[in-house]
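Examining the three-dimensional arrangement
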Amino acid sequence: QVQLVESGGGLVQAGGSLRLSCAASGRPFSSYAMGWFRQAPGQGREIVARIGWSSGSTYYADSVKGRFTISGDGAKNTVDLQMNSLKPEDTAVYYCVAARLPFYGLGTGSDYDYWGQGTQVTVSS
């Protein structure tokens, strides 16, 4: 069984920064990509960013471009999300995800095979 464990969430004022980290444990697996989703209260889940290991390509949702940076290590199945210039609308539960098979662009929820339990990010105004 594969587990993705997130860390680094918390409470921050608008304009501040947070760094989320995620590491895989349990049964070894080879991932094509890892990324982050988020879900705000009363809203659907949204893909935030993802990184592909074969090319190192990164993709971002328009809402976070220029503010968030994704990085990681495909050999270790770890991924980080550096979040700068945070806004109240970034408040959500953030989920680490991993995909075993190739897909294009950011992908959708069905492209990802493994999900973490989530970590809360709250940005106060």
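For the structure, check the block above.
Residues numbered from 1 in each chain as written. Predicted model: local features only at pLDDT ≥ 70, side-chain atom pairs only at ≥ 80, totals over all residues. Heavy atoms only, no water.

**Focus on the pattern of salt bridges**
A side chain of one charge can pair with a side chain of the opposite charge when the charged atoms of the two come close. A complete count under the given rule lists six salt bridges for this structure. The salt bridge partner of Asp90 is Arg67, with a shortest N-O separation of 2.7 Å. Of this pair, Asp90 sits in the loop between β8 (78-83) and β9 (92-99) while Arg67 sits in the loop between β6 (58-60) and β7 (68-73), placing them 23 residues apart in sequence. This pair shows no difference in class: Asp90 is buried, exactly as Arg67 is. Residues joined in a network through salt bridges with shared partners are Arg38, Glu46, Arg67 and Asp90. (Salt bridge = Lys/Arg side-chain N within 4 Å of Asp/Glu carboxyl O. Helix = DSSP H or I, 4+ residues; strand = E, 2+ residues; numbered from the N terminus. Buried < 20%, exposed > 50% of the residue type's maximum accessible area, 1.4 Å probe, protein only.)

**Points about the state of the cysteines**
Per the counting criterion, the structure on display carries one disulfide. Between the sulfur atoms of Cys22 and its disulfide partner Cys96 the distance amounts to 2.0 Å. In this structure the cystine formed by Cys22 and Cys96 twists about its S-S bond by roughly -80°; its chirality is therefore left-handed. You can see Cys22 sitting in strand β3 (residues 18-26) and its partner Cys96 sitting in strand β9, a full 74 residues away along the chain. (Disulfide = S-S within 2.5 Å.)

**Examining the sheet that holds β8**
Taken together, four strands build an open sheet; the order of strands is β1-β3-β8-β7 and the sheet is antiparallel. Looking at the sheet topology across the chains shown, the edges are occupied by β1 (2-7) and β7. On average, each strand axis in the sheet is tilted by 15° relative to the strand beside it, whichever way the strands run. Sheet topology note: the β1/β3 ladder contains six bridges and is antiparallel. Bridge pairing in β3 links Glu6 to Cys22. (Pairing = 2+ DSSP bridges. Axes fitted to C-alpha atoms, helices over the stretch in contact; angles between N-to-C directions.)

**Considering the packing of aromatic side chains**
Tallying each qualifying case throughout the model produces six aromatic pairs. An angle of 65° between the planes, with centres 5.7 Å apart, marks the rings of Tyr32 and Phe103 as edge-to-face. Note that Tyr32 is positioned in the loop between β3 and β4 (33-39) and Phe103 in the loop between β9 and β10 (114-115), a separation of 71 residues in sequence. Of the residues examined, Phe103 reaches a relative accessible area of 8% and is grouped as buried. Members of the aromatic cluster, joined through ring pairs, are Tyr32, Phe37, Tyr95, Phe103, Tyr112 and Trp115. Positioned above the aromatic ring of Phe37 is the side chain of Arg45, whose terminal nitrogen or guanidinium carbon lies 5.9 Å from the ring centre. (Phe/Tyr/Trp six-rings, centres within 6.5 Å; stacked < 30°, edge-to-face > 60°. Lys NZ or Arg CZ within 6 Å of the ring centre and 35° of its normal.)

**Some details on the nonpolar core**
Formed by 30 residues in total, the largest nonpolar core has its most connected members in Trp36, Leu81, Met83 and Tyr94. Residues Ala33, Phe37, Val97 and Phe103 belong to the second largest nonpolar core, which totals eight residues. (Core = buried A, V, L, I, M, F, W, Y, C linked by side-chain atoms within 4.5 Å.)

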